[in-house]
Amino acid sequence: MRLWTIQGIEIYNKMQKDGFAYCTLPNWRDSAEFMRAYRWMSGQMKRRIGEPPIKEIEYPIWAWFQYDSAKKKRPPKNPLNVSEGVSAYMEIEVPDKEVLLSDFSNWHSALNGWPLDNWKQIERKTNPLDKAAGKYLGFNNYPAEIQREIEASWKPIFDLNRRDKTVGRTHRRNRSIQASFWVLRQEYIRSVEFLERKGNVVKQIDREEIIKR
(Lines give C-alpha, C1' and ligand atoms only; values in the text may rest on other atoms or scores of the structure.)
Protein backbone atom coordinates (compact mmCIF):
# COMPACT_ATOMS: atom_id res chain seq x y z
CA MET A 1 0.00 0.00 0.00
CA ARG A 2 1.44 3.36 -1.03
CA LEU A 3 1.44 5.89 1.83
CA TRP A 4 3.06 9.20 2.78
CA THR A 5 4.35 10.10 6.22
CA ILE A 6 6.16 13.11 7.65
CA GLN A 7 8.35 12.27 10.63
CA GLY A 8 10.83 14.22 12.72
CA ILE A 9 14.45 13.75 11.71
CA GLU A 10 15.13 11.77 14.90
CA ILE A 11 12.68 9.08 13.74
CA TYR A 12 14.35 8.92 10.34
CA ASN A 13 17.81 8.72 11.93
CA LYS A 14 16.70 5.89 14.23
CA MET A 15 15.35 3.99 11.25
CA GLN A 16 18.63 4.46 9.38
CA LYS A 17 20.59 3.24 12.40
CA ASP A 18 18.41 0.27 13.44
CA GLY A 19 16.56 -0.50 10.23
CA PHE A 20 13.19 0.35 11.80
CA ALA A 21 11.44 2.88 14.05
CA TYR A 22 8.29 2.85 16.14
CA CYS A 23 6.32 5.00 18.58
CA THR A 24 6.26 4.59 22.36
CA LEU A 25 4.66 7.96 23.10
CA PRO A 26 2.82 10.32 20.71
CA ASN A 27 3.43 14.06 20.52
CA TRP A 28 -0.01 14.68 22.04
CA ARG A 29 1.10 13.26 25.42
CA ASP A 30 0.14 16.54 27.10
CA SER A 31 -3.54 16.09 26.17
CA ALA A 32 -5.59 13.59 28.18
CA GLU A 33 -8.31 13.60 25.51
CA PHE A 34 -5.89 12.83 22.69
CA MET A 35 -4.07 10.16 24.70
CA ARG A 36 -7.38 8.40 25.30
CA ALA A 37 -8.15 8.46 21.58
CA TYR A 38 -4.67 7.11 20.76
CA ARG A 39 -5.10 4.26 23.24
CA TRP A 40 -8.45 3.43 21.67
CA MET A 41 -6.91 3.38 18.19
CA SER A 42 -4.10 1.13 19.43
CA GLY A 43 -6.71 -1.26 20.80
CA GLN A 44 -8.56 -1.28 17.47
CA MET A 45 -5.33 -2.03 15.62
CA LYS A 46 -4.62 -5.00 17.88
CA ARG A 47 -8.08 -6.40 17.09
CA ARG A 48 -8.04 -5.67 13.37
CA ILE A 49 -4.43 -6.17 12.20
CA GLY A 50 -2.80 -7.90 15.16
CA GLU A 51 -0.49 -7.19 18.09
CA PRO A 52 2.62 -5.01 17.68
CA PRO A 53 5.61 -7.07 16.51
CA ILE A 54 7.80 -5.44 19.19
CA LYS A 55 6.60 -5.46 22.81
CA GLU A 56 7.84 -1.91 23.51
CA ILE A 57 5.45 -0.44 20.94
CA GLU A 58 2.51 1.37 22.54
CA TYR A 59 1.15 3.61 19.79
CA PRO A 60 1.01 3.60 15.97
CA ILE A 61 2.98 5.35 13.29
CA TRP A 62 0.66 7.63 11.28
CA ALA A 63 0.60 8.23 7.55
CA TRP A 64 -1.70 9.36 4.76
CA PHE A 65 -3.40 7.05 2.28
CA GLN A 66 -5.05 10.03 0.66
CA TYR A 67 -4.68 13.47 2.17
CA ASP A 68 -7.68 15.15 0.58
CA SER A 69 -9.09 12.78 -2.04
CA ALA A 70 -8.08 10.11 -4.55
CA LYS A 71 -6.83 12.92 -6.80
CA LYS A 72 -4.88 14.65 -4.01
CA LYS A 73 -3.19 11.86 -2.11
CA ARG A 74 0.08 13.50 -1.15
CA PRO A 75 0.08 15.79 1.90
CA PRO A 76 1.20 19.34 1.07
CA LYS A 77 4.50 20.56 2.45
CA ASN A 78 3.12 23.35 4.61
CA PRO A 79 3.24 24.40 8.28
CA LEU A 80 0.01 22.51 8.96
CA ASN A 81 1.72 19.19 8.24
CA VAL A 82 5.38 19.87 9.01
CA SER A 83 6.53 20.32 12.60
CA GLU A 84 9.03 22.94 13.69
CA GLY A 85 12.60 21.89 12.92
CA VAL A 86 13.76 19.26 10.41
CA SER A 87 11.47 16.50 9.13
CA ALA A 88 11.67 13.63 6.66
CA TYR A 89 8.86 13.61 4.08
CA MET A 90 8.67 9.96 3.00
CA GLU A 91 6.79 8.05 0.35
CA ILE A 92 6.52 4.49 1.60
CA GLU A 93 5.16 1.10 0.56
CA VAL A 94 3.75 -0.88 3.50
CA PRO A 95 2.23 -4.39 3.23
CA ASP A 96 -1.57 -4.11 3.23
CA LYS A 97 -1.95 -6.53 6.13
CA GLU A 98 0.07 -4.21 8.39
CA VAL A 99 -2.09 -1.12 7.78
CA LEU A 100 -5.38 0.04 9.29
CA LEU A 101 -7.17 2.75 7.29
CA SER A 102 -9.62 5.19 8.86
CA ASP A 103 -11.60 8.28 7.93
CA PHE A 104 -9.66 11.36 9.07
CA SER A 105 -12.70 13.62 9.46
CA ASN A 106 -14.59 11.09 11.56
CA TRP A 107 -11.46 10.41 13.63
CA HIS A 108 -12.05 13.83 15.20
CA SER A 109 -15.04 12.37 17.04
CA ALA A 110 -12.60 10.14 18.92
CA LEU A 111 -10.14 12.98 19.47
CA ASN A 112 -12.87 15.17 20.95
CA GLY A 113 -14.69 12.40 22.83
CA TRP A 114 -17.91 12.95 20.88
CA PRO A 115 -20.37 10.31 19.63
CA LEU A 116 -20.11 9.51 15.94
CA ASP A 117 -22.97 7.06 15.59
CA ASN A 118 -26.20 6.85 17.63
CA TRP A 119 -25.43 10.35 18.88
CA LYS A 120 -29.07 11.25 19.59
CA GLN A 121 -29.46 8.20 21.80
CA ILE A 122 -26.24 9.00 23.64
CA GLU A 123 -27.09 12.68 24.05
CA ARG A 124 -30.33 11.73 25.80
CA LYS A 125 -28.06 10.33 28.50
CA THR A 126 -25.33 12.98 28.53
CA ASN A 127 -27.47 16.11 28.26
CA PRO A 128 -29.10 15.70 31.72
CA LEU A 129 -25.65 15.17 33.26
CA ASP A 130 -24.30 18.29 31.55
CA LYS A 131 -27.34 20.28 32.64
CA ALA A 132 -27.01 19.17 36.25
CA ALA A 133 -23.34 20.14 36.25
CA GLY A 134 -24.03 23.47 34.58
CA LYS A 135 -21.41 22.78 31.92
CA TYR A 136 -20.32 20.30 29.25
CA LEU A 137 -18.68 17.53 31.25
CA GLY A 138 -16.82 15.82 28.43
CA PHE A 139 -15.97 12.18 27.85
CA ASN A 140 -13.61 11.70 30.83
CA ASN A 141 -16.26 12.86 33.32
CA TYR A 142 -19.11 10.65 32.14
CA PRO A 143 -19.87 7.30 33.83
CA ALA A 144 -17.96 4.29 32.47
CA GLU A 145 -21.13 2.87 30.88
CA ILE A 146 -21.62 6.02 28.79
CA GLN A 147 -17.91 6.13 27.90
CA ARG A 148 -18.13 2.59 26.51
CA GLU A 149 -21.22 3.54 24.50
CA ILE A 150 -19.46 6.58 23.03
CA GLU A 151 -16.40 4.50 22.15
CA ALA A 152 -18.60 1.91 20.45
CA SER A 153 -20.06 4.71 18.30
CA TRP A 154 -16.60 5.36 16.80
CA LYS A 155 -16.36 2.06 14.93
CA PRO A 156 -17.75 3.57 11.66
CA ILE A 157 -14.43 5.48 11.49
CA PHE A 158 -13.16 2.38 9.68
CA ASP A 159 -16.08 2.16 7.24
CA LEU A 160 -14.72 4.13 4.29
CA ASN A 161 -17.88 3.52 2.26
CA ARG A 162 -20.18 4.93 4.93
CA ARG A 163 -22.63 7.54 3.73
CA ASP A 164 -21.67 10.44 5.93
CA LYS A 165 -23.60 13.64 5.32
CA THR A 166 -22.04 15.46 8.28
CA VAL A 167 -18.63 15.78 6.60
CA GLY A 168 -20.09 16.25 3.12
CA ARG A 169 -17.98 13.46 1.62
CA THR A 170 -19.98 10.36 0.91
CA HIS A 171 -17.73 8.52 -1.54
CA ARG A 172 -14.42 6.89 -0.66
CA ARG A 173 -12.58 8.72 -3.44
CA ASN A 174 -13.53 12.08 -1.86
CA ARG A 175 -12.46 11.24 1.68
CA SER A 176 -9.38 12.15 3.67
CA ILE A 177 -8.05 8.73 4.68
CA GLN A 178 -5.35 8.24 7.29
CA ALA A 179 -3.28 5.11 7.85
CA SER A 180 -1.84 3.64 11.04
CA PHE A 181 0.69 0.83 11.38
CA TRP A 182 3.08 -0.41 14.05
CA VAL A 183 6.58 -0.23 12.54
CA LEU A 184 8.28 1.97 9.96
CA ARG A 185 10.96 -0.16 8.30
CA GLN A 186 13.81 1.07 6.16
CA GLU A 187 12.84 -1.21 3.28
CA TYR A 188 9.43 0.51 3.08
CA ILE A 189 10.98 3.80 1.91
CA ARG A 190 10.49 4.64 -1.77
CA SER A 191 11.62 8.26 -1.64
CA VAL A 192 12.52 10.85 0.98
CA GLU A 193 12.82 14.63 1.05
CA PHE A 194 14.09 16.66 3.98
CA LEU A 195 12.10 19.70 5.05
CA GLU A 196 12.87 22.43 7.55
CA ARG A 197 10.20 24.56 9.13
CA LYS A 198 10.95 27.85 10.81
CA GLY A 199 7.75 29.55 11.90
CA ASN A 200 5.42 29.60 8.91
CA VAL A 201 8.15 28.92 6.35
CA VAL A 202 8.86 25.39 5.09
CA LYS A 203 11.77 24.77 2.75
CA GLN A 204 13.46 21.69 1.32
CA ILE A 205 17.05 21.06 2.42
CA ASP A 206 19.79 18.62 1.43
CA ARG A 207 20.76 15.64 3.53
CA GLU A 208 24.36 16.86 3.46
CA GLU A 209 23.26 20.12 5.06
CA ILE A 210 21.72 18.18 7.96
CA ILE A 211 24.88 16.13 8.49
CA LYS A 212 27.03 19.28 8.70
CA ARG A 213 24.99 20.67 11.61
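Residues numbered from 1 in each chain as written. Predicted model: local features only at pLDDT ≥ 70, side-chain atom pairs only at ≥ 80, totals over all residues. Heavy atoms only, no water.

1. Brief notes about the nonpolar core
- Counting 54 residues, the largest nonpolar core has Leu-3, Ile-92 and Trp-107 as the members making the most contacts within it.
- With 6 residues, helix H2 (residues 32-48) is the largest single contributor of residues to this core.
- Excluding its chain neighbours within four sequence positions, the residues that come into contact with Leu-3 are Ala-63, Trp-64, Phe-65, Met-90, Glu-91, Ile-92, Val-94, Val-99, Ala-179 and Phe-181. (Core = buried A, V, L, I, M, F, W, Y, C linked by side-chain atoms within 4.5 Å. Buried < 20%, exposed > 50% of the residue type's maximum accessible area, 1.4 Å probe, protein only. Helix = DSSP H or I, 4+ residues; strand = E, 2+ residues; numbered from the N terminus. Contact = heavy atoms within 4.5 Å.)

2. Considering the pairing of strand E6 (residues 177-181)
- Burial analysis of E6 places 5 of its 5 residues in the buried class, the great majority of the element.
- Where strand E3 (residues 61-66) meets E6, 5 bridges bridge the pair, whose relative direction is antiparallel. Considered in E6, the bridge of Ala-63 is made with Ala-179. (Pairing = 2+ DSSP bridges.)

3. Some remarks on helix H1 (residues 9-18)
- Burial in H1 covers these residues: Ile-9, Ile-11, Tyr-12 and Met-15. Down the axis of H1, the sector holding all buried residues measures 160°, keeping them to one side. In H1, the exposed positions angled more than 90 degrees off the buried face are occupied by Glu-10 and Lys-17.
- Backbone geometry just after H1 places Gly-19 at a positive phi near 90°. (Arc of directions from axis to C-beta.)

Keep in mind these values describe shape, not function.
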